[in-house]
Amino acid sequence: MEQQPGQTPPGNPSTPPPPPPPPPSGGSAGGGNGVGGLAPNVAGALAYLLGPVTGILFLVLEKENRFVRFHAAQSTGLSVAWIVFWIITSVLSAALSVVPVVGFLVSILMLFVSLILGLGGLVLWLYLMYQAFNGNEWEIPYIGEQSRKILLGG
């Protein structure tokens, strides 16, 4: 007996098709989805991208995911502290630069300090994004602690 296309051979039960694959998970960090359907680890890393802008944006948009909210709060706290620090050092440097000999020495010193702190800030920024992307809640001393206290309401 010849088998027609689309028919199962006699004696072989037809097997049902395999079930569809499960939908992609929202990431391992914190469970669930982050802001706008992003995985929480991606949202946590992006919270650092534009400093206080993305930090505040993610704090406002994300209401439930503790992981994303922590990184958004820490990003905002670090950015505000960094901006205040640079304003203070710039004003101090500008005020001392008008003094004849001291001003020149302070300007040279501030150039080196700015380079070192700028590179250190860049490394810290990249490290925080890396830690968030890997699902870690790495705390910056004091700023991270304060961010966690604010989020926990205590």
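This structure is a prediction, so every number in the text was calculated from the model and none was measured. (Residues numbered from 1 in each chain as written. Predicted model: local features only at pLDDT ≥ 70, side-chain atom pairs only at ≥ 80, totals over all residues. Heavy atoms only, no water.)

### Re the overall build of the protein
Worth spelling out the cut-off: By definition, any uninterrupted DSSP run of H or I lasting at least four residues is a helix, any uninterrupted run of E lasting at least two residues is a strand, and each is numbered from the N terminus. Note on exposure labels: buried denotes an accessible area under 20% of the residue type's maximum, exposed denotes more than 50%, and partly exposed covers the range between, all computed with a 1.4 Å probe on protein chains only. When checking whether two residues touch, look at their non-hydrogen atoms; a contact exists if any pair is within 4.5 Å. For every accessible area listed, the method is Shrake-Rupley and the probe measures 1.4 Å; residues are considered covered only by the protein chains on display.
When helices and strands are counted, the protein shows 5 helices and 0 strands. Reading the secondary structure of the protein in the N-to-C direction produces α-α-α-α-α. Counting every position in the protein, which comprises 154 residues, the buried fraction comes to 28%. Residue pairs in contact within the protein that sit at least 24 positions apart in sequence constitute 60% of those at least 6 positions apart. Surface exposure of the protein reaches about 10,300 Å², of which carbon and sulfur atoms provide 72%.

### Structural notes on helix α3 (residues 66–96)
Here is the rule we go by: For a helix, the expected span equals 1.5 Å multiplied by the residue count minus one. A 3.5 Å cut-off defines polar contacts: any pair of N or O atoms within that distance qualifies, except that in protein one atom must be a possible hydrogen donor and the other a possible acceptor, and neighbouring residues in sequence count only when both atoms are side-chain atoms.
The end-to-end C-alpha separation of α3 is 45 Å, in line with the 45 Å expected for 31 residues at 1.5 Å each. Measuring from the backbone nitrogen of F67 back to the side-chain oxygen at the start of α3 gives 2.9 Å, which picks out N65 as the cap.

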